[in-house]
Amino acid sequence: GGRYIGTDGYVRLYRPDHPRARTRYYVKEQIIIAERYLGRFLFPEEIVHHINEQKDDNRSENLFVFPNQAEHKRHHNLLKSGKELPKVSNLLNLDR
C-alpha cells in the first residue's frame, strides 16, 4: 500500500475505494490533489496536466485540469509547434 512512482514517472497513491483506482487499487497523485482542491471527484473525461511537464511535481499550483483529452492534446500540439500558447494557469481558474 501507500505511495510509489511508476515506471512512467507518475506518483501513485493506494486508494482502493476511489472511482479511478486502477491496477492494484492505485490512483495518480495529481488526480487526488486536483480533486481535493476542487472539492469534488473529477469527471471521467477530465485530464490533469502538469504545467511544468514534471510528472512528479503535484503541487496544486503546477496542476491544470483540462475538460477532456482533445483539449489536452491540443495544448501539447501547440507546445510542440512553438506557437505562443494561451496562458495555462493553475487549478484556481477551473473552479466550477
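Residues numbered from 1 in each chain as written. Predicted model: local features only at pLDDT ≥ 70, side-chain atom pairs only at ≥ 80, totals over all residues. Heavy atoms only, no water.

1. Focus on the side chain of Q30
So, point 1. Mapped onto the secondary structure, Q30 falls in helix α1 (residues 29–38).
So, point 2. Taking relative accessible area as the criterion, Q30 reaches 3% and is therefore assigned buried.
So, point 3. The contacts of Q30, once residues within four sequence positions are left out, are Y10, V48, H50, N58 and L63. (Helix = DSSP H or I, 4+ residues; strand = E, 2+ residues; numbered from the N terminus. Buried < 20%, exposed > 50% of the residue type's maximum accessible area, 1.4 Å probe, protein only. Contact = heavy atoms within 4.5 Å.)

2. Regarding the environment of R20
So, point 1. Its location among the elements puts R20 in the loop between β2 (11–14) and β3 (26–28).
So, point 2. Residue classification places R20 among the buried positions, given a relative accessible area of 16%.
So, point 3. Through-space distance from the C-alpha of R20 to that of F41 is 9.3 Å; in sequence the pair is 21 residues apart.
So, point 4. Of the polar contacts made by the side chain of R20, one reaches the backbone oxygen of E46; its length is 3.1 Å. (Polar contact = N/O pair within 3.5 Å; in protein donor to acceptor, adjacent residues only side chain to side chain.)

3. Some remarks on the sheet that holds strand β1 (residues 3–5)
So, point 1. Across the sheet, 3 strands lie side by side as β1-β2-β3; this open sheet has antiparallel pairing. One side of each edge strand has no neighbouring strand; the edge strands of this open sheet are β1 and β3. Looking at each pair of strands side by side, their axes are set apart by 30° on average, direction ignored.
So, point 2. As paired elements, β1 and β2 share 3 bridges and run antiparallel to each other. Paired with Y4 across the two strands is R12, which belongs to β2.
So, point 3. Contacting β1, β2 and β3, α1 crosses the sheet at an angle of about 70° to β3. (Pairing = 2+ DSSP bridges. Axes fitted to C-alpha atoms, helices over the stretch in contact; angles between N-to-C directions.)

4. Notes on the packing of aromatic side chains
So, point 1. Evaluation of the coordinates by the stated rule reveals 3 aromatic pairs.
So, point 2. Summarising the aromatic geometry, the rings of Y4 and Y26 are spaced 4.8 Å apart at their centres and angled 85° between planes, so their arrangement reads as edge-to-face. One end of the pair, Y4, is in strand β1; the other, Y26, is in strand β3, with 22 residues separating them in the sequence.
So, point 3. Of the residues examined, Y26 reaches a relative accessible area of 9% and is grouped as buried.
So, point 4. With centroids separated by 4.8 Å and ring planes inclined at 65°, the aromatic side chains of F64 and F66 adopt a geometry described as edge-to-face. The burial state of F64 is the same as that of F66; both residues are buried.
So, point 5. An aromatic cluster is built from Y4, Y14 and Y26, whose rings are joined through pairwise contacts.
So, point 6. Lying over the aromatic face of Y10, K28 brings its terminal NZ or CZ to 4.0 Å of the ring centre. (Phe/Tyr/Trp six-rings, centres within 6.5 Å; stacked < 30°, edge-to-face > 60°. Lys NZ or Arg CZ within 6 Å of the ring centre and 35° of its normal.)

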